[in-house]
Amino acid sequence: TCRPKIARETRDTWLDLSSDPDSIEYLLCSDSNCTKFPETRIIKENSKEFLYPLIDGKSVGPVQKANFASQNSTSNCILFVADDLSPYKNWDYDIKNCTNWDNDVVLRIPDNTEETQQKLHPHLIVNPAISRKRYEKFGYLYHPKFYANFSDNFFSFLAHKDDVVI
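Let us look at the structure shown here. Only a predicted model underlies this, so the values are computations on that prediction, with no experimental measurement involved. Along each chain, residue indices are assigned from 1 in the same order as the chain's sequence is written. Predicted model: local features are reported for residues with pLDDT of at least 70 only, side-chain atom pairs are reported and counted for 80 or more only, and whole-chain, interface and lining totals are derived from all residues. With hydrogens and water stripped out, all remaining heavy atoms of the structure feed into the side-chain values.

Turning next to the overall build of the chain. Helix numbers and strand numbers start at the N terminus; a helix is a DSSP run of H or I with at least 4 residues, a strand a run of E with at least 2. Along the chain, the regular secondary structure elements total 6 helices and 6 strands. Radius of gyration: over C-alpha atoms. The globule rule applied is 2.2 Å multiplied by the number of residues raised to the 0.38 power. Against the 2.2 N^0.38 benchmark of 15 Å for 166 residues, the chain shows a C-alpha radius of gyration of 15 Å, consistent with a compact globule. Along the longest, intermediate and shortest principal axes, the C-alpha atoms of the chain span 45 × 35 × 30 Å. A simple rule labels every residue: compare its accessible area, found with a 1.4 Å probe on the protein chains alone, to the largest value its type can have, and call it buried under 20%, exposed over 50%, or partly exposed in between. Within the chain, the fraction of its 166 residues that count as buried is 43%. Residue contacts are counted whenever heavy atoms from the two residues lie within 4.5 Å of one another. Put simply, of all contacts in the chain between residues at least 6 apart along the chain, 59% involve residues at least 24 apart. Computing the positive centroid from 20 side-chain charges and the negative centroid from 24, the chain places the two 5 Å apart. We count Lys and Arg on the positive side and Asp and Glu on the negative side, and we leave His and both chain ends out. Positions of charges follow a simple convention, taking NZ of Lys, CZ of Arg, CG of Asp or CD of Glu.

By definition here, a salt bridge exists when the distance from a side-chain nitrogen of Lys or Arg to a carboxyl oxygen of Asp or Glu is within 4 Å. Scanning the entire structure with this criterion turns up 10 salt bridges. Between D12 and R11 there is a salt bridge; the shortest N-O distance is 3.6 Å. Residue class for D12 comes out partly exposed when judged on its relative accessible area of 36%. Overall, R11 belongs to the buried group, its relative accessible area being 9%. Across the salt bridge formed by K137 and D162, the nearest N and O atoms sit 3.1 Å from each other. Pair noted here: K137 is in helix α5 (residues 132–138) and D162 is in the segment after α6 (153–161), with a separation of 25 residues, a long-range link. One salt-bridge network, held together by shared partners, links D104, R134, K137, K161 and D162.

Cavities and pockets were defined on a 1 Å grid built over protein atoms only: a cavity is a set of grid points that admits a 1.4 Å probe from which the probe cannot escape, a pocket is an open set flanked by protein on both sides within 12 Å along at least five of seven lines, and lining residues are those with an atom within 4 Å of any such point. Grid points are joined across faces, edges and corners, and a volume is the space filled by probe spheres set on the points. Enumeration over the complete set of coordinates arrives at 1 cavity of 30 Å³ or more. The calculated volume of the largest cavity comes to roughly 30 Å³. Taken together, F138, Y140, F155 and L158 make up the full set of residues lining the largest cavity.

This next bit is on helix α1 (residues 7–16). Of all the residues in α1, the buried ones are A7, T10, R11, W14 and L15. Burial along α1 is one-sided: seen end-on, the buried residues are contained in an arc of 125 degrees. For α1, exposure combined with an orientation more than 90 degrees from the buried face picks out E9 and D16. Where α1 is buried, its residues contact β1 (26–32), β2 (39–44), β3 (47–53), β4 (77–79) and α3 (91–97). In this description, the arc belongs to the directions extending from the helix axis to the C-beta atoms.

Read these as layout, nothing more, since geometry by itself doesn't imply function.
Encoded structure:
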């Protein structure tokens, strides 16, 4: 997260609104000026916090941290939870049951910029959920050359090209 002051609140909101919070693997990756290497704090069995070191006093950005958390995930569905998304009650049930997550799949999740994005960049997938199979195909959630996930039109292009977007 780039907004660590609300990261735990965001986590709590998403888990509180889920139908089965114990089945959700929640990995939070935050900046830390107290460590030289990524450190892991286990909150509970399915919830971990990663403290990621600053480089020359600056954040590495959300893409590198999202990819680090994804690399340490074990679930079949990887979802980047953003604090500007608004989950609804039982959101996890719908995501879990909308497709077979064993396949190569990308779920396009709308956010509060969706209307504008549809006009400007109709193919851009700002907030995806991806299958483990999709993750393993590329080895990352967001292209590592990007700083922010909002700009990853390469990911969107490939997902549409491969016809895996739902």
